[in-house]
Amino acid sequence: MTQSPIITPQAAIRVRGLSKFFGPIDEGAIARTGPEFGTARDPLSGSIVAAWDVNFDVAAGEALGIVGESGSGKSTVLRCIAGDQPSSAGSVHLMCHDEGRTNVLDLSPAARRKLRIDQLSVVYQDPAEGLSLGVTAGGNIADPLTAAGWRNFEAIRVRARDLLDRTEVPLDRMDDIVRNFSGGMRQRVQIARALANNPPIVLLDEPTTGLDASIASGVLDLIRGLLEELDLAVVVVSHDFAVIEMLTQRCIVMQHGRVVEDALTDQLLEDPQHPYSQKLVTAARS
Amino acid sequence: MNSTVDEIAGPPQSVPFALLDEESKREIRRALLQAVCIPGFQVPFGSREMPVARGWGSGGLQISLAIVGVNDTIKVIDQGDDEGVNAVNLRRLITSSTGIEETSETDEATIVQSRHRIPEDAMTSDHILVLQVPVPEPLRGIERNMKELERMHAEGDYSKMWVSLYEDKVRNGVITQTTGYPCLVAQRYVMATTPIPRWDIPRLHQAEFLTLFGAGREKRVYAIPPFTDVEPLTFEDVPFEVEASNGAKCRLCGSEETFLVETPGSESRWSCSDTAWCRRKRTK
């Protein structure tokens, strides 16, 4: 008997009840934390509710933003989906994996790492997390390619060259080690590497934070172009509304580990409903 | 009351057969059995203190002593040379503690202990090749974290090894690694063929003989059972090549089809690395 897919055909990612705790948690701890209490830390047990009951769907060709201040749990959510951190509860179904029948949170760490080869890529804020700095730009792209079974040197070179060209890394730097690259260039290499095996899902964790404004806008332009071109399902985590506005159609707002608003991006920016969203938008607009 | 040294030492103790006590030999043999069952997998073992320093063949020596029987004949070579100082000393240690015969002829030997070479003569299922290994971990230069190394082997995740081959080719135009070329054993584990040169690697593939690798300092043994696939890692469009001699001949026997080594200084500077093979060719 085959189980019917849990996710609808149009959703590439479905996240339900995703939660992450640090320390022992009971129902009281959930009730004593969140935006109403102004903290994610349970005052009785000291445990932290880093994320509680996060739900969303993302379709192919769509980008969802997760907004919030530092410590709101937005990066935790992304890392739980990526498999960088174990989650405490909930489910994540990916259309590209077993047609969405399996909760990928139940997979073994090894199986989750396999997903990262050609199903799901992450672009981190810090390129050192997504790249080997002592390896050339081409070598960093060769890594996921060889992991996916590429064994032809010339074919790897051609693919790496295409990707670096697409992400606007000068090709004469292809054989330089990434440590000698500027921050913006490293980020472009990281994006090229993330796209190496045409994954249907890409997660971006503060992709332009830490870059200066002119470089950041170039990288953003690039990401936007890629999103339009490649029909990816994307989740973008950022505290920067300029990034969210430029890349996403919908977004969720997180505060103290909870989702406080779920809206179309335009709508959120024009008419935020939750007091915290209003504060964030006002701060960004001033 | 004063004691003499003789009194403190007590009555002379007999040295066990093959130097190691029976429990130690059994432990090493157990590790070797596991190694043979999982070709290319590095099995930890309790490397003993030996009368040679670690790094001087103590791993190979312990394997030879653990598997040797009264009817065996031992050949020991160092860089293909039976008369190398270390080879002579190890051979003496083995024969004096067991009373077995020694030889420099490969076809007379049942156990061949070697550093850096596989003898030129074809070996058969009558032989066991024991290699002394300095660095058993093929990924050592690529990843330092032991936990991560363990994970990479367990999951067969060798993409970093491929990246290092890619980088080597990009930087140098060729893959420069000479000794210890990484090989995939039985389609599963990547293994360091340290310390043999590339020349000998095709001779491990589907070999008739059993090869046992011992790293005393690193406390690991591993094995290639007879008739096992041993494939050097290389890209499809970058063929694996053995060392080229560029038309050089052995200055002693004139051989062109053996692994030659360069002797600095002399006029015709190349000679066979396998001295026993070279001598036999000249006396024929």
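Residues numbered from 1 in each chain as written. Chains lettered and ligands numbered in written order. Predicted model: local features only at pLDDT ≥ 70, side-chain atom pairs only at ≥ 80, totals over all residues. Heavy atoms only, no water.

What follows deals with the overall build of chain B. Counting secondary structure elements, chain B contains seven helices and 12 strands. Scaling as 2.2 N^0.38, a compact globule of 284 residues should have a C-alpha radius of gyration of about 19 Å, and chain B matches this with 20 Å. Considering only C-alpha atoms, chain B reaches an extent of 75 × 55 × 35 Å along its principal axes. Expressed as a percentage of the 284 residues in chain B, the buried residues total 51%. At a minimum sequence separation of 6, the contacts of chain B that also span at least 24 residues come to 60%. (Helix = DSSP H or I, 4+ residues; strand = E, 2+ residues; numbered from the N terminus. Rg over C-alpha atoms; globule rule 2.2 N^0.38 Å. Buried < 20%, exposed > 50% of the residue type's maximum accessible area, 1.4 Å probe, protein only. Contact = heavy atoms within 4.5 Å.)

Our focus in this paragraph is the overall build of chain A. Of regular secondary structure, chain A possesses 11 helices and nine strands. Taken against the 2.2 N^0.38 rule, which gives 19 Å for 286 residues, the C-alpha radius of gyration of chain A at 19 Å falls within 12% of a compact globule. Projecting the C-alpha coordinates of chain A onto the three principal axes gives extents of approximately 60 × 55 × 35 Å. Across the 286 residues in chain A, those meeting the buried criterion constitute 51%. Expressed as a percentage of contacts within chain A between residues at least 6 apart in sequence, the contacts between residues at least 24 apart total 70%. On chain A, the mean spot of the 27 positive side-chain charges and the mean spot of the 37 negative ones are 6 Å from each other. (Lys, Arg positive; Asp, Glu negative; His and termini not counted. Charge placed at Lys NZ, Arg CZ, Asp CG, Glu CD.)

The interface is formed by 14 residues belonging to chain B together with 21 residues belonging to chain A. Taken together, the two surfaces of chain B and chain A that pack against each other cover about 1600 Å², and 60% of this comes from carbon and sulfur. The interface formed by chain B and chain A contains one salt bridge. Note that E155 of chain B is salt-bridged to R113 of chain A, the shortest N-O span being 2.4 Å. Our count for the chain B to chain A interface comes out at eight residue pairs in polar contact (both at pLDDT 80 or more). Those elements that provide at least two residues to the side of chain B that touches chain A are α5 (146-155) and α6 (159-172) of chain B. Here the side of chain B that touches chain A gets eight residues from one element, more than from any other, and that element is α6 of chain B. Its residues assigned to classes, the side of chain B that touches chain A comprises six nonpolar, one polar and seven charged. (Buried area = accessible area lost by both parts, 1.4 Å probe. Salt bridge = Lys/Arg side-chain N within 4 Å of Asp/Glu carboxyl O. Polar contact = N/O pair within 3.5 Å; in protein donor to acceptor, adjacent residues only side chain to side chain. Nonpolar A, V, L, I, M, F, W, Y, C, P; charged D, E, K, R; others polar.)

For the coordinates displayed, the defined rule picks out eight aromatic pairs over all chains. Through a chain of ring-to-ring contacts, three or more aromatic side chains come together here, namely F153 of chain A together with W162, Y166 and F235 of chain B. When the ring centre of F153 of chain A is taken as origin, the NZ or CZ atom of K169 of chain B, which lies over that ring, is 5.1 Å away. Positioned above the aromatic ring of Y189 of chain B, the side-chain terminus of R188 of chain B is 4.2 Å from the ring centre. (Phe/Tyr/Trp six-rings, centres within 6.5 Å; stacked < 30°, edge-to-face > 60°. Lys NZ or Arg CZ within 6 Å of the ring centre and 35° of its normal.)

The next subject is the packing of helix α5 (residues 137-147) of chain A against helix α7 (residues 183-194) of chain A. All names here are of chain A. Between α5 and α7, whose axes approach to 9 Å, the crossing angle comes to 25°. Between α5 and α7, the angle falls in the class roughly parallel. Regarding α5 and α7, the two cross each other, and that crossing is right-handed. Residues A137, N140, I141, D143 and P144 of α5 pack against V189, A192 and R193 of α7. By residue class, the composition of the contact of α5 with α7 is five nonpolar, one polar and two charged. (Axes fitted to C-alpha atoms, helices over the stretch in contact; angles between N-to-C directions. Parallel < 35°, antiparallel > 145°, perpendicular 65-115°, else oblique. Left-handed = near helix turned anticlockwise from the far one by under 90°.)

Residues and elements named next belong to chain B. Here chain B is partitioned into domain 1 (22-232) and domain 2 (244-284). On a C-alpha basis, the centroid separation for the pair domain 1 and domain 2 is 25 Å. Contacts between domain 1 and domain 2 engage 13 residues on the former and 10 residues on the latter. Counting each side, the surface lost to burial between domain 1 and domain 2 is near 1000 Å², with a carbon and sulfur contribution of 45%. It is E120, D121 and W199 in domain 1 that bury the most area against domain 2; as a group they hold 42% of the surface buried on that side. We note a salt bridge from R280 to D121, for which the minimum N-O separation is 2.4 Å. For the interface between domain 1 and domain 2, the tally reads eight residue pairs in polar contact (both at pLDDT 80 or more). Looking at the side of domain 1 that touches domain 2 residue by residue, the classes come out as three nonpolar, three polar and seven charged. (Domains from an automatic or database assignment.)

This next bit is on the sheet that holds strand β6 (residues 182-185) of chain B. Residue and element names in this part refer to chain B. Reading across from one edge, β7-β6-β10 is the order of the three strands in this open sheet, with antiparallel pairing throughout. The open sheet terminates on both sides in strands that have one partner only, identified here as β7 (189-192) and β10 (230-232). On average, each strand axis in the sheet is tilted by 35° relative to the strand beside it, whichever way the strands run. As defined by bridge partners, β6 adjoins β7 across four bridges and the pair is classed as antiparallel. When the sheet's bridge partners are listed, L184 is paired in β7 with V190. (Pairing = 2+ DSSP bridges.)

Quick look at the environment of A40 of chain A now. Along the polypeptide, A40 of chain A turns up in the loop between α1 (27-31) and β2 (48-59). Along the sequence, A40 of chain A and R258 of chain A sit 218 residues apart, while their C-alpha atoms lie 8.6 Å from each other.

The next subject is unusual backbone geometry. Residue and element names in this part refer to chain A. Of note in this structure, E168 is not a glycine but carries a positive phi near 60°. Summarising the element assignment, E168 is placed in the loop between α6 (153-166) and α7. With phi around 45°, E206 is a residue other than glycine that occupies positive phi space. Following the sequence through the fold, E206 ends up in the loop between β6 (201-205) and α8 (213-230).

Glancing now at the pairing of strand β8 (residues 250-255) of chain A. All names here are of chain A. The buried count for β8 comes to five of six residues, which makes it a mostly enclosed element. Pairing analysis gives four bridges linking strand β3 (residues 63-67) to β8, with the strands arranged parallel. Each residue of the ladder has a partner; that of V67, found in β8, is V253. Examined bridge by bridge, β8 and strand β9 (residues 258-264) share six bridges and lie antiparallel to one another. Across the sheet, residue V253 finds its bridge partner in β9, namely E261. The turn joining β8 and β9, which pair antiparallel and follow one another in sequence, is formed by two residues; a positive phi near 45° is taken by H256.

All right, on to helix α2 (residues 22-37) of chain B then. Since the α-helix turns once every 3.6 residues, residues separated by three or four places project in the same direction. Residue and element names in this part refer to chain B. The end-to-end C-alpha distance of α2 is 22 Å, a good match for the 22 Å that 16 residues give at a rise of 1.5 Å each. Within α2 the residues assigned to the buried category are S24, K25, I28, A31, L32 and A35. Axial view of α2: buried residues confined to an arc of 125°, hence all on one face. Opposite its buried face, α2 presents the exposed residues E23, R30, L33 and C37, each directed more than 90 degrees away. Buried residues along α2 sit in contact with β1 (43-44), α3 (58-67), β8 (210-215) and β9 (220-224). Residue D21 occupies the N-cap position of α2, its side-chain oxygen lying 3.2 Å from the main-chain nitrogen of E23. (Expected span 1.5 Å × (residues − 1). Arc of directions from axis to C-beta.)

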